[in-house]
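This is what each chain is made of:
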Amino acid sequence: MSDRAPDFTRLPDLASRALGGSVVFANDDLFAEKENLIKPEPAGFAAEQFGPRGKVYDGWETRRRREPGHDHAIIRLGVPGLVHGVVVDTAWFRGNYPPEISVEGVSAGGYPAPAELAALSWQPLVARATAAGDTANYYPVADRHRWTHLRLSVYPDGGVARFRVHGEVVAAPAFLAGTVDLAALENGGRLLECSDAFYSTAEHLIGPGRAAGMADGWENARRRDGGNDYAVFALAAAGVPQWVEVDTSYFVGNAPGWVRLQAGDGGSAWREILPRTRVQPDTRHRLMVTGEPGPVTRVRLDVYPDGGLARLRVHGQITDDALAGLRERWRDTAAPDPV
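So, a few notes on the structure that sits alongside this text. (Residues numbered from 1 in each chain as written. Predicted model: local features only at pLDDT ≥ 70, side-chain atom pairs only at ≥ 80, totals over all residues. Heavy atoms only, no water.)

### Comments concerning the pattern of salt bridges
Opposite charge on two side chains permits pairing when their charged atoms draw close.
At step 1: Following the criterion strictly, the structure yields 20 salt bridges and no others.
At step 2: One salt bridge in this structure joins D58 and R162, with 2.8 Å as the shortest N-O distance. Pair noted here: D58 is in the loop between strand 3 (54–55) and strand 4 (60–61) and R162 is in strand 11 (residues 162–169), with a separation of 104 residues, a long-range link.
At step 3: Using a relative accessible area of 18% as the deciding quantity, one classes D58 as buried.
At step 4: Since its relative accessible area comes to 1%, R162 is described here as buried.
At step 5: Put simply, R128 and E100 hold a salt bridge, and the shortest N to O gap is 2.9 Å. Of this pair, R128 sits in strand 7 (residues 123–130) while E100 sits in strand 6 (residues 100–106), and the two are 28 residues apart along the sequence. (Salt bridge = Lys/Arg side-chain N within 4 Å of Asp/Glu carboxyl O. Helix = DSSP H or I, 4+ residues; strand = E, 2+ residues; numbered from the N terminus. Buried < 20%, exposed > 50% of the residue type's maximum accessible area, 1.4 Å probe, protein only.)

### A short note on the nonpolar core
At step 1: Judged by nonpolar contacts, the single largest core of 65 residues is most densely connected at L150 and F163.
At step 2: In terms of residue count, the dominant contributor to this core is strand 5 (residues 71–89) (seven residues).
At step 3: Filtering out sequence-adjacent residues up to four positions away, F163 remains in contact with D13, A15, L37, I38, I75, V86, V87, V88, V103, L150 and L152. (Core = buried A, V, L, I, M, F, W, Y, C linked by side-chain atoms within 4.5 Å. Contact = heavy atoms within 4.5 Å.)

### Focus on the environment of A184
At step 1: Here A184 shows up in the loop between strand 12 (179–181) and strand 13 (190–194).
At step 2: Residue A184 is classed as buried on the basis of its relative accessible area of 4%.
At step 3: Sequence spacing of A184 and P208 is 24 residues, and the spatial spacing of their C-alpha atoms is 7.1 Å.
At step 4: Those residues in contact with A184, other than ones at most four positions away along the chain, are G189 and I206.

### Brief notes about the environment of L309
At step 1: If you trace the backbone, L309 turns up in the loop between strand 18 (296–304) and strand 19 (311–318).
At step 2: Residue class for L309 comes out buried when judged on its relative accessible area of 0%.
At step 3: For L309, the contacting residues outside a window of four places in its chain are L205, G217, W218, V246, D247, T248, F251, P256, L301 and V303.

### So, helix 2 (residues 320–332)
At step 1: Relative to the 18 Å expected for 13 residues at 1.5 Å per residue, helix 2 spans 18 Å between its end C-alpha atoms, a close match to the ideal helical length.
At step 2: Taken together, the buried positions of helix 2 are occupied by A322, L323 and L326. All buried residues of helix 2 lie within an arc of 100° about the axis, which places them on one face of the element. Across from the buried face of helix 2, at angles greater than 90 degrees, the exposed residues are D320, D321, R331 and D332.
At step 3: Elements that come into contact with the buried residues of helix 2 comprise strand 14 (229–247) and strand 19. (Expected span 1.5 Å × (residues − 1). Arc of directions from axis to C-beta.)

Here it is, written out as C-alpha cells:
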C-alpha cells in the first residue's frame, strides 16, 4: 500500500456506476447503503446530516459487529476486465473504518444472482491487508485474468466511502462484430492524451449512453493563446471508421466553434477523416467520414479553439485480423473455472 496515487489509477474504473457497474450484495449496510461504493464522484460529507440510524455517510457502512466474522460486498464490474489495482477509499470514516480489507475475484458467465455468486470459487486478488481511515488506500493487483465480479471484505466491520477498480476493459468479441463504436470505453477504447481537462476529463467522451449533463462530458479551460485543445483515443482494435457522432449536448455557451477528427495507426502521419467542421451548441451531430481512412488504431479530436463536448462516437468495423486477436485475448485471459 502506498500513500501516493500509483500509475494504475490512470486506468478506467471498471466498477464505476458510470460504466454500468453495480453492487449486487452486501451482508450488512445498516448505516449507509452499499450502492454508494461505486458512485463516480468523490465522497461528500455533511456534518449536520443525521438519520434515524445515526450519522449519514456517503459510503457503505455496516453495524458494529458483536460476533465472529466479517462483512463483505459483491461488486459486478460494468465490463469484464483485467484488474491492475483497487482503491479502498475511507474518506470521512475516521472512527468507524475497517482496519483491514481483502479483495477476491470471480469470472462468471451470464448474470448470476447473489446466492449463485456466493457458491462460486473466488480467487484472491488482494490478500488481507491493513487500511487507514479517511484515506485513499491503494492496492496493486498482479493477477492478469479477466474478472466480472469482485468481493470486498472488511475486517471486522466499518465504513468504506468508495471502491475503485482500475484496469483494462476486455470486451466479449461476440459483441464486436459488424458496425460498432470503435472508440467506446465499454468496447476497449481508452484515452491516451489530452491537452487540457481543467473542468472534467476527456475520458467521459467515450463513456456509455448519453451524457447526464456538462459534468459528464469533457470541458477544458478557456484558451487565450491562439491554439486549440485536443484529445487522443486508442480504439478498441484496428478498424475502419464509417461515421462519427460529435455531441455537444448541455454545452450551450461553452461548446467549441469547430471540430476536426484525424485517424492513424501510431506509426505514420495522421489522416484527416473529418475536416474542420462547424458545430452547434447543445446538438448531436452525425457526420460521415471522408476519404478512405483504411484500418486505424487511434483518433485525434481537435476542438477550435476550446470548449466542451458530451460524447464522441466513432462507428465502424473492426478488421478480421484484429477481431481474431480479440478472440485470442479473450481465451488467454480466462480465469480459473469458478464452479
